[in-house]
Amino acid sequence: MQPDLARLNVNLASAQASATYKIMDRVAARRAAGARIISLSAGEPDFDTPAHVCDAAIEAIRAGHTRYTQVAGMRPLREAIAAKFQGENGLDVGWQDTIVCTGGKQVIYNALSATLNAGDEVIVPAPYWVSYPEMVQLSGAVPVIVSCGADVGFKLTPDALARAITPRTRWLILNSPSNPTGAVYTRDELAALAEVLLDHPHVLVLSDDIYEHLTFDSAGFHTIAAVAPRLASRTLTMNGVSKAYAMTGWRIGFGTGPRWLLEAMEKVQGQQTSGASSISQHAALAALNGPKDFIRGSRAVFKERRNLMVSMLNETPGLACPVPAGAFYAFASCGGILGRRTAAGTLLATDEDVAGALLDEANVAVVHGSAFGLGPYIRIAYALDTESLRQACQAIRQFCLSLKD
Ligand code: PLP
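A quick note: this is a predicted structure, and the numbers were derived from the prediction, not measured. The numbers attached to residues start from 1 for each chain and follow its sequence in the written order. Whole-chain, interface and lining totals are the exception, using all residues; otherwise, since this is a predicted model, local features are given only for residues with pLDDT of at least 70 and side-chain atom pairs are given and counted only at 80 or more. Calculation of side-chain values draws on the structure's entire complement of heavy atoms; hydrogens and water are dropped beforehand.

## Examining the domain arrangement of the chain
Where a domain begins and ends is set by an automatic assignment or by a domain database. Each assigned domain of the chain is listed with its residue range as follows: domain 1 (10-48 + 294-401) and domain 2 (51-289). One C-alpha centre belongs to domain 1, the other to domain 2, and the line joining them spans 26 Å. Two residues qualify as a contact provided that any one of their heavy atoms is within 4.5 Å of a heavy atom in the partner residue. Each side of the interface is counted separately: domain 1 has 36 residues, and domain 2 has 35 residues. When two components associate, each loses some accessible surface as probed by a 1.4 Å sphere; the sum of these losses over both components is called the buried area. Between domain 1 and domain 2, roughly 2,900 Å² of surface is buried when both sides are summed, and carbon and sulfur atoms account for 62% of that area. The largest share of the area that domain 1 buries against domain 2 comes from Ile295, Ala325 and Phe372, three residues that together contribute 19% of it. Whenever Lys or Arg places a side-chain nitrogen within 4 Å of a carboxyl oxygen from Asp or Glu, that contact is recorded as a salt bridge. On inspection of domain 1 and its partner domain 2, the count reaches two salt bridges. A salt bridge links Lys303 to Asp217; the nearest nitrogen and oxygen atoms lie 3.4 Å apart. Whenever two N or O atoms come within 3.5 Å, that pair is a polar contact, provided that in protein one can donate a hydrogen and the other can accept it, and provided that, for residues adjacent in sequence, both atoms are side-chain atoms. Our count for the domain 1 to domain 2 interface comes out at 13 residue pairs in polar contact (both at pLDDT 80 or more). Looking at the side of domain 1 that touches domain 2, the elements with two or more residues in it are α1 (10-13), α2 (19-32), α12 (293-314), β9 (329-333) and β12 (377-381). Secondary structure is summarised from DSSP: a helix means a run of H or I of at least four residues, a strand means a run of E of at least two, and numbering begins at the N terminus for each.

This is the structure:
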């Protein structure tokens, strides 16, 4: 091979492959070798897509809706998205103020790649969803990680935000409810962050609301462009059907923001994918315009599972799990077992060692917190049936009880 044939784009060369996908690959390899693994690593609901949504997709195929749509998405879906943003979020949005992309991920990617230049900075509160820093880097910009520990509920504070902003700051990324911690920002917390942002008109805000419908107890959902309407002209509010309607494989996300930004994102998308799948757009239309009982039902199921997980994890010596207010993740500290050895003799020096040993020795897959920018933690996705969750927690407890000094 020519010496420089495999030379990569410089931005890609420094990016990491998704840690969650890497673990899913390891699980697949162990399963292929015959192991029975309970995987708490995947970030997707275990429910089936609602039947009326699947029917709408089949009907779309039969009706011949199998061609390219407009790059920014077909108009009826964009109208439904505008109605969703108005009705559920209180945003003043017309259909022209929306864009449909191939998953929520591509909304974010389009926005970042359309706006970032070398040396620009993007503030990413940690723990963060694994893809944010990598997407920033792929765009040639610099992720500025702001650590937000358990002492601040894993949430960005106004002081920490103010300290992180520089003249080079281009974006702040907010994610509530959060992957990986399940933390949910209150209206007052968002208003306090908005106060800081109002002093810095050069900063754009990306609000990742993909877990909007999964909030529990008294934690209501709020989005910053509605809490602080003066920020709306520089906020991209992103959402999608993946988590709310158990539609991860359909790949439909959407967003609303200032027209100049949406036009730039459309330009990127027009050269990249030409737009989201026509069939999936029809399915998403049925989801947004259809009954909402699926959302209520899945929220109730996730809340029960959360309660089970948190209590079982907190009964496990060495683990400590704060109660997450949303999403379907528990983020448990494993600091209490670091420095110890497993029954098979593996030294647990880091949370990555813990996740690796849990997979190898307890047959339970979780993701280490440091992959999300904060250790020593493990992220546990409770998107599985109750019996499997119970068995997984028992296996984790047994693993911890069998550790040696
Ligand atoms: N944002 C967060 C915080 C996520 O956890 C995910 C998926 O895991 C996404 C965005 C991407 O969603 P989608 O599957 O619609 O691309």
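## Topic: the side chain of Asn175
Examined against the element boundaries, Asn175 turns out to sit in strand β5 (residues 169-175). When accessible area is computed with a 1.4 Å probe and restricted to protein chains, residues below 20% of their type maximum are described as buried, those above 50% as exposed, and intermediate ones as partly exposed. Since its relative accessible area comes to 11%, Asn175 is described here as buried. A distance of 3.0 Å separates a polar side-chain atom of Asn175 from the backbone nitrogen of Asn179. Non-local contacts of Asn175, meaning those with residues more than four positions away in its chain, are made with Tyr132, Tyr185 and Asp208.

## Observations regarding the sheet that holds β9
Between any two strands, pairing holds if DSSP finds at least two bridges. If you walk across this open sheet you meet the three strands as β9-β12-β11, and the pairing is antiparallel. The open sheet has two edge strands with one neighbour each: β9 and β11 (367-368).

## What to know about the side chain of Arg305
Here Arg305 is to be found in helix α12. Accessibility expressed as a relative area gives 6% for Arg305, which makes it buried. A distance of 2.9 Å separates the side chain of Arg305 from the side chain of Asp46, its partner in a polar contact. Aside from chain neighbours lying at most four places away, what touches Arg305 is Asp46, Phe47, Tyr382, Ala383, Leu384, Asp385 and Leu389.

## Concerning the site of the ligand
One heavy atom suffices: a residue is near a molecule or strand as soon as one of its heavy atoms comes within 4 Å of it. Near the ligand there are 13 residues, and of these Gly104, Asp208, Tyr211, Ser242 and Lys243 occur at the shortest range. One of the side-chain N or O atoms of Ser242 is found 2.6 Å from an oxygen atom in the ligand. Calculation of accessible area relied on Shrake-Rupley with a 1.4 Å probe; when residues are assessed, cover is drawn exclusively from the protein chains displayed. Relative to its unbound accessible surface of 390 Å², the ligand loses 92% to contact with the protein.

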